[in-house]
Amino acid sequence: MQDLFDINDPDDVWPETLGSGTTWIHGFLVAQAGQVMADIARVVAQAPYRHLSTPGGKRMSVAMSNCGTQGWVSDRAGYRYQTTDPHTAKPWPAMPPGLRALAQQAAKDSGYDGFEPGVCLINHYAPGARMGLHQDRDENNLTAPIVSFSLGLPATFIWGGWQRTGTTRRIMLRHGDAVVWGGEDRLRFHGVAPLKDGEHALTGRARINLTFRQIN
Ligand code: MD6
Ligand code: FE
């Protein structure tokens, strides 16, 4: 009997509405994942993954890098975007054109035409790494959506409301999934549960998440 659905089939791409401003595109970048990983490898060769500190002084379990005109950083002074990598004191690597085009396509497919991402934050999760509930509000432009790509091991994503407390929904983001969120969902609280150990053919024992942001 033929399988009804094969998670690794690049033709299986389907959208699901998560909120009024949010589309979860299952399997969006399965077909391009190898190319995307090659682009990421070139970026992190220049701007290595590192564990930033929270303003409170705690080491984040997720390791991060950036590409684009600016990058998101955190330290004792707070959260912000800046044009140079504090680790190398050099500008962040440019955003690979193929990555940018793919993010723009996801936005367009979700009803956000004219998305101009200047920044891509790259999050690397090893088993056990997690991200606490937060809002993304360090961008000057809160009218543009954020485009998120997931690669490698699956993770439980926590999708909350507009207050830190209250009901949350847990969804499993898998290799190749895109989530495009904006509009009234833009300031929802969200986080990622501790990554379950496993092995993925493309990423090994890791999950990688890219978030594309139009910060101005
Ligand atoms: C992650 N993502 O999936 C963390 N933020 O690893 C985020 O924090 C996020 O996916 C804003 C918009 C989309 C996201
Ligand atoms: Fe976020």
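Fair warning: this is a prediction, and the values are worked out from it, not measured in the lab.

Colleague: Explain the overall build of the protein chain to me, please; I cannot follow it from the model alone.
Modeller: In terms of regular secondary structure, the protein chain is built from two helices and 13 strands. Relative to the 2.2 N^0.38 estimate, which gives 17 Å for 216 residues, the radius of gyration of the protein chain is 16 Å and therefore close to what a compact globule would have. A principal-axis box enclosing the C-alpha atoms of the protein chain has dimensions of 60 × 35 × 35 Å. Per-residue burial for the protein chain yields a buried fraction of 52% across its 216 residues. When contacts within the protein chain are restricted to residue pairs at least 6 apart in sequence, those whose partners lie at least 24 apart make up 70%. Summed over all atoms, the accessible surface of the protein chain reaches about 10,500 Å², with 52% contributed by carbon and sulfur. In the protein chain, the 21 positive side-chain charges and the 20 negative ones have mean positions that sit 11 Å from each other.

Colleague: Would you mind going over the site of ligand 1 with me for this structure?
Modeller: Around ligand 1 sit 13 residues, and of these Tyr 125, His 134, Trp 181, His 190 and Arg 207 come closest. One of the side-chain nitrogen or oxygen atoms of His 134 is found 3.1 Å away from an oxygen atom of ligand 1. Measuring from a nitrogen atom of ligand 1, one finds a side-chain N or O atom of His 190 at 2.8 Å. A total of 340 Å² of accessible area belongs to ligand 1 in isolation, and the protein chains cover 98% of it. Secondary-structure elements contributing two or more residues to the shell around ligand 1 are strand S7 (131-134), strand S8 (146-152), strand S12 (190-192) and strand S13 (207-213). Among the elements that take part in the shell around ligand 1, S13 stands out by supplying three residues, more than any other.

Colleague: Explain helix H2 (residues 97-109) to me, please; I cannot follow it from the model alone.
Modeller: Two residues of an α-helix separated by three or four positions point the same way, owing to the 3.6 residues in each turn. Helix length check: H2, at 13 residues, gives a terminal C-alpha distance of 18 Å against a target of 18 Å (1.5 Å per residue), a fit within 8%. Along H2, the positions that sit buried rather than exposed are Leu 99, Leu 102, Ala 103, Ala 106 and Ala 107. Down the axis of H2, the buried side of the element spans an arc of 140°, and every buried residue falls inside it. In this structure, the buried side of H2 is in contact with strand S2 (22-26), helix H1 (33-46), S8, strand S11 (178-181) and S13.

Colleague: Can you help me understand the coordination of the iron ion (ligand 2) in this one?
Modeller: When four donors bind a metal tetrahedrally, each ideal donor-metal-donor angle is 109.5 degrees, and when six bind octahedrally, the ideal angles are 90 or 180 degrees. Protein-derived ligands of the iron ion (ligand 2) are His 134 (NE2), Asp 136 (OD) and His 190 (NE2), with the metal-ligand distances lying across 2.1 to 2.2 Å. All donors of the iron ion (ligand 2) belong to a single chain; written as a sequence motif, their spacing is H-x1-D-x53-H. Here Asp 136 is found in the loop between S7 and S8, whereas its partner His 190 is found in strand S12, with 54 residues between them in sequence. For Asp 136, a relative accessible area of 8% translates into the label buried.

Colleague: What's the story with the packing of aromatic side chains in this structure? I'm lost.
Modeller: Between two aromatic rings, the relevant description is the distance of the centres plus the angle of the planes. Enumeration over the complete set of coordinates arrives at five aromatic pairs. With a centroid separation of 5.4 Å and an interplanar angle of 25°, the aromatic rings of Trp 72 and Tyr 79 are classed as stacked. Judged by relative accessible area, Tyr 79 falls into the partly exposed class, the value being 44%. Through a chain of ring-to-ring contacts, three or more aromatic side chains come together here, namely Phe 28, Phe 149 and Phe 212. The side chain of Arg 188 reaches across the aromatic face of Trp 162, ending 4.1 Å from its centre.

Colleague: Help me out: how do you make sense of the environment of Ala 89 in this one?
Modeller: Among the secondary structure elements, Ala 89 is positioned in the loop between strand S5 (78-82) and H2. Take Ala 89: its relative accessible area is 62%, and that puts it in the exposed class. The spatial distance from the C-alpha of Ala 89 to the C-alpha of Phe 149 is 27 Å, given a sequence separation of 60 residues.

Colleague: How should I be thinking about H1 in this particular structure?
Modeller: Relative to the 20 Å expected for 14 residues at 1.5 Å per residue, H1 spans 20 Å between its end C-alpha atoms, a close match to the ideal helical length. Every buried residue of H1 is accounted for by Ala 33, Val 36, Met 37, Asp 39, Ile 40, Val 43 and Val 44. Taken around the axis of H1, the buried residues stretch over an arc of 160°, which confines them to a single face. Within H1, the exposed residues directed more than 90 degrees away from the buried face are Ala 45 and Gln 46. Those residues of H1 hidden inside the fold are in contact with strand S3 (63-68), H2, strand S6 (119-125), S8 and S13.

Calculation notes
Residues numbered from 1 in each chain as written. Chains lettered and ligands numbered in written order. Predicted model: local features only at pLDDT ≥ 70, side-chain atom pairs only at ≥ 80, totals over all residues. Heavy atoms only, no water. Helix = DSSP H or I, 4+ residues; strand = E, 2+ residues; numbered from the N terminus. Rg over C-alpha atoms; globule rule 2.2 N^0.38 Å. Buried < 20%, exposed > 50% of the residue type's maximum accessible area, 1.4 Å probe, protein only. Contact = heavy atoms within 4.5 Å. Areas by Shrake-Rupley, 256 points an atom, 1.4 Å probe, with all protein chains shown as cover. Lys, Arg positive; Asp, Glu negative; His and termini not counted. Charge placed at Lys NZ, Arg CZ, Asp CG, Glu CD. Near = heavy atom within 4 Å. Polar contact = N/O pair within 3.5 Å; in protein donor to acceptor, adjacent residues only side chain to side chain. Expected span 1.5 Å × (residues − 1). Arc of directions from axis to C-beta. Donors = N, O, S within 2.8 Å, 3.2 Å for Na, K, Ca; no water. Phe/Tyr/Trp six-rings, centres within 6.5 Å; stacked < 30°, edge-to-face > 60°. Lys NZ or Arg CZ within 6 Å of the ring centre and 35° of its normal.

Nothing here speaks to function; it is all geometry.
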